[in-house]
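# Remarks on the overall topology
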Amino acid sequence: VASLEGRCQEVLKAFFELVGQEDVEELSDAGTEDHDKTKINPWVTPRELNHKKSSKAEARQKEMTRSILSGVLKALLNHADVVISTTLQGTIEMDSNGEAVIDTVTQRPRVNERSGIMVRVDENTTSPGPLHWMLPFKFNNSGQLTLRKLLFNERKLLRDSSQGLGWHAKIKRKRQGFLKSIANASNCCDKQEDDDAGRPELGWSRKLIEEIGLHMEDGTPTINCSNAVNLRIYRLCTEDYEVPMSPNAPPHLYDVEVLKLLKALQFEIAASWASMWRGMLQELTDKDKVREFVQSCLVTEEMQDYAVKLDGLIDRQTSGRIAERDPTLEAVDAVCGWLSGSRALPMDMLTTEEEVKRAGEEAKWPDHQAFIDVLSQVDAKKVKTAFMANKNTKLAGQPSWLRLCDEFVFVILQLNMKRVTNEELSMAKASAGMMSAAGQQEMIAKLALHRMSQLNMHSQKVFRKRFNFLWNRDVSTALTAMEGVAQSLRNCMKNGMNGAEWLEEQLHAYKDKVILGTLKALQEKFDGLFPVDFAILNGRFPLNSQKLRKQHFELQPDGRTVRQKDATQEIRDMWLTPRYEKMQSVMVSAPETKSASSGPGTIQLSVDGTISAYENLQEQRERVEQIFNLPCVDPPRPDYAGGAFQELCLKFFKGIHVDAIHFCRPRLKAMMANLYQEEHLRRALQESPALDYLKDFGGHILEKQKTRMDSLKCKLASMEAALRETEGVKKNVE
């Protein structure tokens, strides 16, 4: 913006030539009236008079230039202010008249929820919470796989075979060997290999084991990760990924690149779901919330005094007597107690496979057979999670809900991808997008988004079907198995319905409210991944397993003691290890039939890669509880918590920083695109009030030119008529 005047000289010169000197004088009000009133001095020569007029014209052009540039500058700065403030502080709620809505309590304009990076939970209240994107914390402190390099067989991809063997890596080595033999290209190849593997740019030094501390004014001690750890986290969060192919590459190469991004997106969605579902299950059996919901559905009726004591409930005493109460509200407590516990009837206990059979065909996950094939290759003895360890165990009640939710995490991770067709690739090339970096990345993002949206929709539909089956079974059992509940509701009528039927209907409605609310939050997390930042292909730093500081506190196998050790060697080994050295394998599946309608087949991450990603999302609850219960050993100062607890807090602290980078970085990149893209700048200039006078002048110029053109047409018509009349007279004379 500062160099605007220098860049616009040629454009301004063309503008003044277009509008003409007369229009410039009309636009510039200063000095016009004085010029009309000035009398011509008879002693001034015509040359001096023309020179004087030329000087005035140049002065007015300069003044006009300053006026135009000032308006453009104001418009661009206002555009930048709007874009930046909207990205950071969010947008303001507007009423039907376009006026800001003022909150009656805070007396501030109401902010649209989740509309900006700095918008907090309950922003429009007197006590807002944390930033809206921070909670719930994601369970990916164990790290996540890097997907920058996939091990695949290009020949097998072309033939739709079932497994890649590393042809890509062999070809790459051959190419490098060939290049090294000509034109002294070894340095270039080595550098490319370093970039691909992510080798450290700096050798190991003592400064990397040190940590940057903060000196608090009150003397509070602080801790930080070693510089090597912070730099590695930074590189993983911000290192850009360059797509290694041209926009005109064949579809089988796009298969691999789209799979990389799709899996990275699935990792993020699975991490979000893993952090949400426990809170969802707690809300489903929260007695206070369920009672509040049911009570809001009650229609005011004449209450009867039911003295029947419900199973598992304590009589509510008011002034030494049983208070009048609605039996459905009392039944809610009993039902919630049943659902939150492990009580169940033997006939209700089912394995995962039996649940699917009972729920019907619609309860099968997308590409169910591929899901079963992947499960058959998992060693349940090594992967001990809520789903893997219990998929063949007969469960009911909340344990079966927990198993289903953990199964959904695995389903999200293992979903395969339909391969890219020529027609689909052509459509992706033809459509325009909103990303700042157009080209291959934009095409890959569109192809991945299309597949991810379809998979999300289908898998969420199946999850709701499965959960509805489990909920209906357990609620129905709770209302009939407890004799006290059944007896209290037997003679109760609500809105013309039996009390038990009415309560069951309200419990189903409450379940739908909670489930849909959680899935909506999951969809918002998915929407928050766009515009896509390809840095997510780099993976996540393993905060749980990796040593963070030179002073490390290691929890002993007994879970009751901790030992302090020097982690310099472990941090040094981490620094010298390439970031992206490990490659993930790819599996390719041929279409079921050779007909065109069956599609081009599917491609997915290997079973080992899927299991590794799945294990990274498991909550480390047991270890956290053990550290919480440790005695205060090796505190940084007296009256402070022990060193192991401080290190645990540091891991969560760094995890929040990583989430902040992954959330803010794509939004800041999109903000910069909105600041500089021609389309947005042109709209900002057109809509800016600072340039209204110039727009009016432009309209005045057009109107004047139109009038001049009409005048010239009239003159031309008169001349043509005179010419015809002259020719007629000439003929008569002859």
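The structure under discussion appears in the preceding block.
Residues numbered from 1 in each chain as written. Predicted model: local features only at pLDDT ≥ 70, side-chain atom pairs only at ≥ 80, totals over all residues. Heavy atoms only, no water.

### Observations concerning unusual backbone geometry
Cis geometry marks the peptide bond from L135 to P136, where omega comes out at -10°. Omega for the peptide link from F530 to P531 comes to 0°, which places this bond in the cis form. Looking at the secondary structure, you find P531 in the loop between helix 18 (499-527) and strand 7 (551-555). Unlike most non-glycine residues, Q107 shows phi in positive territory, near 60°. What makes Q107 exposed here is its relative accessible area of 56%. Its identity as a non-glycine residue notwithstanding, D367 has a phi of 50°, on the positive side. With respect to the helices, strands and loops of the structure, D367 is situated in the loop between helix 12 (352-359) and helix 13 (368-376). (Helix = DSSP H or I, 4+ residues; strand = E, 2+ residues; numbered from the N terminus. Buried < 20%, exposed > 50% of the residue type's maximum accessible area, 1.4 Å probe, protein only.)

### Observations regarding the nonpolar core
As a rule of thumb, nonpolar side chains are buried together in soluble globular proteins. Core analysis: the largest hydrophobic core is formed by 103 residues, its most contacted members being W273 and F463. At 19 residues, helix 9 (residues 251-284) tops the list of elements feeding residues into this core. Dropping the residues within four chain positions of it, F463 is found in contact with W273, M280, W365, L404, C405, F408 and I515. Residues I209, I233, L543 and Y580 belong to the second largest nonpolar core, which totals 17 residues. (Core = buried A, V, L, I, M, F, W, Y, C linked by side-chain atoms within 4.5 Å. Contact = heavy atoms within 4.5 Å.)

### Observations concerning empty space enclosed by the protein
What the rule picks out here adds up to four cavities of 30 Å³ or more. H552, F553, L555, V562, R623, I627, A644, E647, L648 and K651 are the residues that line the largest cavity. Every element with two or more residues in the lining of the largest cavity is listed here: strand 7, helix 21 (621-628) and helix 22 (643-676). Broken down by element, the residue count for the lining of the largest cavity peaks at four residues, all from helix 22. Looking at side-chain class alone, the lining of the largest cavity contains six nonpolar, one polar and three charged residues. Within this model, the second largest cavity holds a volume of roughly 50 Å³. Every residue lining the second largest cavity is listed: Q144, L145, A264, F267, E268, I536, G539, R540 and H662. With three residues, helix 9 is the largest single contributor of residues to the lining of the second largest cavity. Along the lines of polarity and charge, the residues of the lining of the second largest cavity split into four nonpolar, three polar and two charged. (1 Å grid on protein atoms, 1.4 Å probe; cavity = no way out; pocket = protein on both sides within 12 Å on 5 of 7 lines; lining within 4 Å. Points joined across faces, edges and corners; volume = space filled by probe spheres on them. Nonpolar A, V, L, I, M, F, W, Y, C, P; charged D, E, K, R; others polar.)

### Some thoughts on the sheet that holds strand 1 (residues 150-151)
With mixed pairing, the four strands of this open sheet are ordered in space as 1-9-10-4. The open sheet has two free edges, formed respectively by strand 1 and strand 4 (417-418), since each of these has just one partner strand. Taken together, the two bridges between strand 1 and strand 9 (residues 584-589) define a ladder with parallel strand orientation. By the bridge assignment for strand 9, L151 is matched with S585. (Pairing = 2+ DSSP bridges.)

### Observations concerning the pattern of salt bridges
Across all of its chains, the model carries 34 salt bridges by this definition. When the shortest N-O distance is used, the salt bridge between E123 and R120 registers 2.9 Å. When its relative accessible area of 34% is taken as the criterion, R120 is described as partly exposed. For R419, the salt bridge identified is with D255, shortest N-O distance 2.8 Å. Linking R419 in the loop between strand 4 and helix 15 (422-430) with D255 in helix 9, this pair joins segments that are 164 residues apart in sequence. Across the pair, exposure class does not vary: R419 and D255 are buried alike. (Salt bridge = Lys/Arg side-chain N within 4 Å of Asp/Glu carboxyl O.)

### Digging into the environment of G279
On the secondary structure map, G279 appears in helix 9. In the structure, G279 is positioned 143 residues away from P136 in sequence and 9.0 Å away in space, judged by C-alpha atoms.

### With respect to the pairing of strand 8 (residues 562-566)
Pairing analysis gives five bridges linking strand 7 to strand 8, with the strands arranged antiparallel. Counterpart to E554 in the pairing with strand 8 is R563. Two successive antiparallel strands, strand 7 and strand 8, enclose a turn made up of six residues, where G559 displays a positive phi of approximately 75°.

### Comments concerning the packing of helix 14 (residues 398-414) against helix 16 (residues 440-481)
Interhelical geometry of helix 14 versus helix 16 gives an angle of 175° and a closest axis separation of 10 Å. As summarised for this structure, helix 14 and helix 16 are arranged roughly antiparallel, according to the angle between their axes. The segment helix 14 lies against helix 16, with S400, W401, L404, C405, E407 and F408 engaging S459, Q460, F463, R466, F467, L470, W471, R473 and D474. Within the contact of helix 14 with helix 16, the residues separate by chemical class into eight nonpolar, three polar and four charged. (Axes fitted to C-alpha atoms, helices over the stretch in contact; angles between N-to-C directions. Parallel < 35°, antiparallel > 145°, perpendicular 65-115°, else oblique.)

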